[in-house]
Amino acid sequence: MPLIQMRTVYLKLSLNFTAFGRWIASVAAIAVLVITSPALSAAIPPEPASTALQLEAMLGRMTLPEKLGQLTLEWGGRINDTNPQIAQSKTEELHTLIREGKIGAFLGAHGAAYTNELQKIAVEGSRLGIPLLFGNDVIHGYNTIFPIPLAEACTWSPELVEAAAAAAAAEARASGTRWTFAPMVDIARDPRWGRVAEGSGEDPYLGSVMAAARVRGFQGDDPFAADKVLACAKHYVAYGAAEGGRDYNTVDLSRRTLREIYLPPFQAAVEAGVGSIMSAFNEINGVPATANRFALTDVLRGEWNFDGFVVSDYNSVGELVPHGYADSPARAAALAILAGVDMDMCSKTYSAHLQEMTQDGTVSDSVINEAVRRVLRSKLRIGLFQQPYADPAVEASLRSSQAHQELALSLARSSIVLLKNEGNLLPLRTDLRTLAVIGPLADDTKNPHGTWAGIGAGAAAVTVLEAIKARVSPETSVRFVKGCDLAGVHEDDITGAVAVASKADAVVLVVGEPESYSGEAHCRTNLQLPGTQLDLVKGVHRTGVPTIVVLMNGRPLSVAWTAEHVPALVEAWHLGAQSGNAVADVLFGKFNPAGKLAITIPRNVGQVPIYYNHKNTGRPPSEDRWTSKYLDTPWTPLFPFGFGLSYTEFAYSDLRISPLEADMDDNLVLSATIRNKGDRAGHEVVQLYFRDIVASITRPVKELKGFRRIWLEPGQATRVEFSLPVHRLGFYNSRSEYVVEPGRFKVWIGPNSVNGLEGALTVQRR
Ligand code: NOJ
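Residues numbered from 1 in each chain as written. Predicted model: local features only at pLDDT ≥ 70, side-chain atom pairs only at ≥ 80, totals over all residues. Heavy atoms only, no water.

Pulling in residues and values, what's your account of the overall build of the chain?
Of regular secondary structure, the chain possesses 23 helices and 26 strands. In terms of overall size, the chain behaves like a compact globule, its C-alpha atoms giving a radius of gyration of 27 Å where 766 residues would be expected to give roughly 27 Å. Its C-alpha atoms give the chain principal-axis dimensions of roughly 85 × 70 × 55 Å. Within the chain, buried positions represent 61% of all 766 residues. A separation of at least 24 residues holds for 78% of the contacts in the chain among residues at least 6 apart in sequence. Of note, the chain has its 72 positive side-chain charges centred 2 Å away from the centre of its 80 negative side-chain charges. (Helix = DSSP H or I, 4+ residues; strand = E, 2+ residues; numbered from the N terminus. Rg over C-alpha atoms; globule rule 2.2 N^0.38 Å. Buried < 20%, exposed > 50% of the residue type's maximum accessible area, 1.4 Å probe, protein only. Contact = heavy atoms within 4.5 Å. Lys, Arg positive; Asp, Glu negative; His and termini not counted. Charge placed at Lys NZ, Arg CZ, Asp CG, Glu CD.)

Outline the sheet that holds strand 2 (residues 105–107), supporting the account with residue identities and numerical values.
On the basis of which strands lie adjacent, the open sheet formed by five strands has the order 4-3-2-1-10 and parallel pairing. Each edge of the sheet is formed by a strand with only one pairing partner; in this case those strands are strand 4 (179–180) and strand 10 (344–345). Inspection of the sheet shows strand 1 (residues 72–75) paired to strand 2 by three bridges, in the parallel sense. Across the sheet, E74 pairs through a bridge with F106, a residue of strand 2. (Pairing = 2+ DSSP bridges.)

So what's going on with the site of the ligand? Residues and values would help.
Residues in contact with the ligand amount to 13 residues; listed here are only the nearest, D137, R195, K234, H235 and D313. Between R195 and the ligand, the recorded distance is 2.6 Å, taken from a side-chain N or O atom to an oxygen atom. A class-by-class count of the residues in the shell around the ligand yields seven nonpolar, one polar and five charged. (Near = heavy atom within 4 Å. Polar contact = N/O pair within 3.5 Å; in protein donor to acceptor, adjacent residues only side chain to side chain. Nonpolar A, V, L, I, M, F, W, Y, C, P; charged D, E, K, R; others polar.)

Outline the packing of helix 5 (residues 84–99) against helix 6 (residues 112–125), supporting the account with residue identities and numerical values.
In the contact formed by helix 5 and helix 6, the axes pass within 8 Å of each other and the chain directions differ by 40°. Between helix 5 and helix 6, the crossing angle belongs to the class labelled oblique. Touching L94, H95, I98 and R99 of helix 5 are Y114, E117, L118, I121, A122 and G125, all from helix 6. Residues belonging to the contact of helix 5 with helix 6 are distributed by class as follows: six nonpolar, two polar and two charged. (Axes fitted to C-alpha atoms, helices over the stretch in contact; angles between N-to-C directions. Parallel < 35°, antiparallel > 145°, perpendicular 65-115°, else oblique.)

Account for the pattern of salt bridges, naming residues and giving values.
Inspection of the entire model under this criterion finds 36 salt bridges. Across the pair R373 and E56 runs a salt bridge, and its minimum N-O distance is 2.7 Å. Here R373 is found in helix 16 (residues 365–381), whereas its partner E56 is found in helix 3 (residues 51–61), with 317 residues between them in sequence. Exposure remark for E56: the relative accessible area of 38% places this residue in the partly exposed category. With a closest N to O distance of 3.6 Å, E370 and R374 form a salt bridge. Note that E370 and R374 are positioned in helix 16 at a spacing of four residues, about one turn of the helix. Overall, E370 belongs to the partly exposed group, its relative accessible area being 26%. (Salt bridge = Lys/Arg side-chain N within 4 Å of Asp/Glu carboxyl O.)

So, the sheet that holds strand 22 (residues 717–725): which residues are in play, and what are the values?
Taken together, the three strands give an open sheet; going across it, the order is 17-19-22, and neighbouring strands pair in antiparallel fashion. Edge positions in the open sheet fall to strand 17 (650–658) and strand 22, since each of these has one partner strand only. When strand polarity is set aside, the average angle formed by the axes of neighbouring strands in this sheet is 20°. Strand direction decides the pairing type here: strand 17 and strand 19 (residues 667–676), joined by seven bridges, are antiparallel. Within the sheet, the bridge partner assigned to A651 lies in strand 19 and is R675.

Which residues make up the side chain of N292, and what values go with them?
Along the chain, N292 turns up in the loop between strand 8 (287–288) and helix 12 (293–303). What makes N292 buried here is its relative accessible area of 7%. Polar contacts involving the side chain of N292 include one to the main-chain amide nitrogen of A295, which spans 3.1 Å. What N292 contacts, discounting residues up to four positions off in sequence, is I284, V287, T297 and A339.

Run through the pairing of strand 14 (residues 506–512), naming residues and quoting values.
Burial runs high along strand 14: seven of the seven residues are buried. Neither face of strand 14 is left uncovered, since the one carrying A506, V508, V510 and G512 and the one carrying V507, L509 and V511 both have all their residues buried. The sheet contact formed by strand 14 and strand 15 (residues 547–552) spans six bridges and is parallel. Paired with V511 across the strands is L551, a residue of strand 15. Between strand 14 and its parallel partner strand 15, the chain crosses via helix 21 (residues 533–542), and the hand of that crossover is right-handed. (Right-handed = clockwise from strand over helix to strand, strands pointing away.)

I'd like to hear about the domain arrangement of the chain, residue by residue, with values.
Here the chain is described as being made up of domain 1 (406–607) and domain 2 (650–764). The C-alpha centroid of domain 2 is placed 34 Å from the C-alpha centroid of domain 1. Taken together, the six residues of domain 1 in the interface contact nine residues of domain 2. Buried surface at the junction of domain 1 and domain 2, summed over both partners, amounts to about 590 Å²; 44% is from carbon and sulfur atoms. The largest per-residue losses of area from domain 1 upon contact with domain 2 belong to N592, A594 and K596, which jointly make up 72% of the total buried on that side. Linking domain 1 to domain 2 there are one salt bridge. Where K596 meets E684, a salt bridge forms, and the shortest distance between an N and an O atom there is 3.0 Å. Put simply, domain 1 and domain 2 have five residue pairs in polar contact (both at pLDDT 80 or more) between them. (Domains from an automatic or database assignment. Buried area = accessible area lost by both parts, 1.4 Å probe.)

For the packing of helix 3 against helix 16, give the residues involved together with the corresponding values.
The interhelical angle for the contact between helix 3 and helix 16, taken along N-to-C directions, is 125°, at an axis separation of 10 Å. For the element pair helix 3 / helix 16, the angle class is oblique. For the pair helix 3 and helix 16, the sense of crossing is right-handed. Across the interface between the two elements, T51, Q54, L55, E56, M58 and L59 of helix 3 pack against N369, V372, R373, L376, R377 and L380 of helix 16. For the contact of helix 3 with helix 16, the per-class residue count stands at six nonpolar, three polar and three charged. (Left-handed = near helix turned anticlockwise from the far one by under 90°.)

Just give me the short version of helix 19 (residues 464–471), but keep the residues and values in it.
Here helix 19 has its buried residues at V464, L465, A467 and I468. Here the buried residues of helix 19 occupy an arc of 165° about the axis, which is enough to place them on one side. For helix 19, the elements touching its buried residues are strand 12 (434–438), strand 13 (477–481), strand 14, strand 15 and helix 23 (579–587). (Arc of directions from axis to C-beta.)

Account for the packing of aromatic side chains, naming residues and giving values.
For the structure shown, the criterion picks out 15 aromatic pairs. Between W156 and F641, the ring centres sit 5.5 Å apart and the planes meet at 50°, which makes this aromatic pair tilted. Here W156 is found in the loop between helix 7 (149–153) and helix 8 (158–174), whereas its partner F641 is found in the loop between helix 23 and strand 17, with 485 residues between them in sequence. Look at W156 and you get buried, because its relative accessible area is 0%. What makes F641 buried here is its relative accessible area of 0%. Between W193 and Y239 the ring centres are 5.0 Å apart and the planes differ by 85°, which places this aromatic pair in the edge-to-face class. (Phe/Tyr/Trp six-rings, centres within 6.5 Å; stacked < 30°, edge-to-face > 60°.)

What follows is the structure, encoded as structure tokens:
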């Protein structure tokens, strides 16, 4: 139907209603047109009046319970009680709440049919017809499972990461999800923390680039587009700084570290237009994040002008009581909304207590109204009123998408980090006589999906064994033995594995962690391979047969013995649906690995926290005994941030810096020549680091300020140029002001956070 006709329908319907009813009726009518004809979505006319007027009209008609309904997010999954009567009565209860307008958003409702069923009750059965917002955790894929976000960050490719988020958005949206609780943008310097898997690692700059890429991928440019979802940057803020790497634990850090390390990815998400923010579980310096007015209002609204809405984490409002910050759930609700949390996730404190808190004057009407405005404004912005329903036909078409699987393979291959390749053991020939494939993850279809795989995790991930078999020559004999369990000791067959390994020409040994070892509330104090896997590695190593260890894990693992003794080590992370294909493509050289670590790998857990952008101390480590180091382990990591090998070699030369004496408002141009010295084409991630040598606040030994992922054919050279305003060399001084101080700065352009061409420049006083 052409746009002009749609407008006519809209106008006709508008004639007989009063202002608000007319508006609701008109958008409902348009919604009907859109469901039957999804292709028209881009042509939907904007709301009849300005958004602000509509909001005020709506607010004016709402009762307080209806307003609190819009501020309430509940679990909305299908109720499948074994007792059908209980299931029915709970379902009816839920439907009644929707009909009464007491729920504005859901978590856990999946599928076009089911979400449409609930949505119909809200749109057609509730007094005001305000549609529900269906939110879900679409973290690394929906039907198609992509690598865990930590792995994706190792691509250093915002383009790929954005594409993966866009694919996940399209699939989730088709199944009724309108809002994803992603991206998770928490900086993590502690691999004990299980949620390190969900973020982009330890660096605020890389984390910011990835945060913005994911927001763009989920939301796109056109909020009305039929394949997009509203994004939610979480967990605001400093959740990754939990003491001891223990989930939900206390966070105590300086305002400067908060601003320089933990806030930047959130700011980047806001600048990229993220529609919502989730407040975190942790406290920050004594004030829980979910009641932290400084973070939620002063910074988020005051400094960054964020105009979306804030949702709490699951029951984090109710948890203000055990935190010892609120003396009752009612007070918790008041503290949270006054601090800036607009929507309550599942603590029921807003719906149960904010009425009394307004009546006794603790919370004013205007605070409630503003929160409701923010939620409704978001619903309007994403076209929820116009398109409240999912289209089952689109859902069916995206249940399994070849294009998305191909994209998942691209992401998975690019996420792999080659850590060691002594004597160029890799890539392997495909015509070996016998190849032993060993290890508890070699033929595992479930764990490689990773910690927060979506609906598609029900399908089998491609295993390394399967993919190797598909690639070797018909004459190659592939022998598989599991060898031991992934965790615990039940099926130990190390002897059998060693026997098979000893007769092979090469061994591919796939070890790591179960997916359940990372993610929320899955923290570890031990970063080694679980169970008897190290014994398996040692046993196979003793055979003297060339061995490649492939790690599949959700966090950096301390594999010091393995890294020292085994000639080839591949960090594959939990790579999702295409895990096996991606690993095999790297092992046989179909894909030249190019991933670089987004997080430091420690030698052992005692080094944690260990990260590249640390301070120098007054006694930096040296040969001298009285310096900052350990007696029993080198102070350096096993593998540094930014590190990753390739099957080719890149040479860096000719660093140029301009100007060498810069003014405060100058733009720096920094460049180097990168040449592919080898005989294979490949990607290189060229990294730019800075150090402010002397400042009124001591500065890190290195800070990443830029990177570029380039492709070079054998023998090809290119100049890589970074352009950086001097303004970006600043920090927060003792008065919490962002300043660039004049003085000397070191510069590196290199392949990782340790090596590179070194230069210097001076920033002059104005
Ligand atoms: C709690 C988790 O911390 C958060 O990341 C997630 O989005 C919510 N639960 C909803 O599942």
